[in-house]
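A look at the structure
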Amino acid sequence: VDKLPTLIDENGRVHTTYAQAFTETGRLSSSDPNLQNIPIRTERGKMIRQAFVARDKKHVLISADYSQIELRLMAAFAQDKAMLEAFRNGEDIHRDTASRVYDVMPMFVTPEQRAKCKMVNFGIIYGISAFGLSQRLKVPRKEASNLIDTYFKLYPSVKTYMDKAIAEAREKGYAETILGRRRTLRDINSRNATARQAAERDAINTPIQGSAADLIKVAMVKVDRAFKAENLRTKMVLQIHDELVFDTPLEEVEKVKAIVTREMTTALDFGVPLDVGLGVGQNWLEAH
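Structural notes, computed from the coordinates. No experiment lies behind these values; they were computed from the predicted model shown. (Residues numbered from 1 in each chain as written. Predicted model: local features only at pLDDT ≥ 70, side-chain atom pairs only at ≥ 80, totals over all residues. Heavy atoms only, no water.)

If you walk through the whole model with that rule in mind, you get 25 salt bridges. Taking the shortest distance from any N to any O, the salt bridge between Arg183 and Glu24 comes out at 3.6 Å. Of the two residues, Arg183 sits in strand S5 (residues 182-184) while Glu24 sits in the loop between strand S1 (17-19) and strand S2 (29-31), which places them 159 residues apart along the sequence. Across the pair Asp96 and Arg100 runs a salt bridge whose closest N-O atoms are separated by 3.0 Å. (Salt bridge = Lys/Arg side-chain N within 4 Å of Asp/Glu carboxyl O. Helix = DSSP H or I, 4+ residues; strand = E, 2+ residues; numbered from the N terminus.)

As structure tokens, this is what we get:
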């Protein structure tokens, strides 16, 4: 908050700098100011987002966000039937997981059960341990361990994918994204257990997070080409991991929403539906 006002340009705008090859996963990084680390869940974060506004009253901001993209890619890479079916049917994946883990019908899943399974769903992608999960959920380690064991019994293909990803990385010395971008994993065969386990987590996560990075970059190029082909005045102004933000004249809103949805959902084919959430508003908070 202290830094942002000092970075306002002569034209009254804040311009971030994106680096193409700075992160290990291949995602764009943002600096001076870093606009990718403004929290969305806290009240203060929301107030900061509210300060980012469209250029004038004749423009709005449109936010387009890939929904649960890393979980969708995990389902696609693991070819897990239960997860793929949930996504293809448009179900709430966390509620669906909780329904299976706690063996109750989806309508009887409690908010607490859903929250726990949401943490497991996202934690699994990052190779979370029972200890790590117990700390995050603030539950005994045994309960966390049971949750992970139950999860792998219900989604066996996910465990198979993780073991295969580690084995392939051991053999090759690197992990790879869907478009063939490689991340070298120097410690994958290390004798140091801590270093080796960190590399194993990267072996599991890099194909997923790296392919999500590939996806949004391809989507950005396709959206840009479509805008130019239609002679639109809309500008793509921000990329925040799985979200794109556009500065759009009021008369172009419907056209932009249609183009962005089309190009983002078809940018790459993973064999799992890609879902994009759209929002429109005078400021970034309203749009997201």
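From this point, the narrative continues.
In this section: helix H7 (residues 130-137). The set of residues buried in H7 consists of Ala130, Gly132, Leu133, Ser134 and Leu137. On its buried side, H7 packs onto helix H6 (111-125) and helix H8 (141-154). Just downstream of H7, Lys138 is the residue with a positive phi angle, here 60 degrees. (Buried < 20%, exposed > 50% of the residue type's maximum accessible area, 1.4 Å probe, protein only. Contact = heavy atoms within 4.5 Å.)

Within the secondary structure, Asp96 sits in helix H5 (residues 93-101). With near-sequence residues (within four places) excluded, Asp96 lies in contact with Ala82, Ala86, Glu91 and Tyr155.

The subject of this paragraph is the sheet that holds strand S6 (residues 235-240). Taken together, the 4 strands give an open sheet; going across it, the order is S6-S7-S3-S8, and neighbouring strands pair in antiparallel fashion. Bordering the open sheet on either side are S6 and strand S8 (276-281), each of which pairs with just one other strand. Between one strand axis and the next, the sheet turns by 20 degrees as a mean value, whatever way the strands run. Where strand S3 (residues 59-66) lies against S8, 6 bridges are found, and the strand directions are antiparallel. What sits directly across from Leu61, in S8, is Gly281. (Pairing = 2+ DSSP bridges. Axes fitted to C-alpha atoms, helices over the stretch in contact; angles between N-to-C directions.)

Honestly, that's just the spatial picture; any functional story needs more than this.
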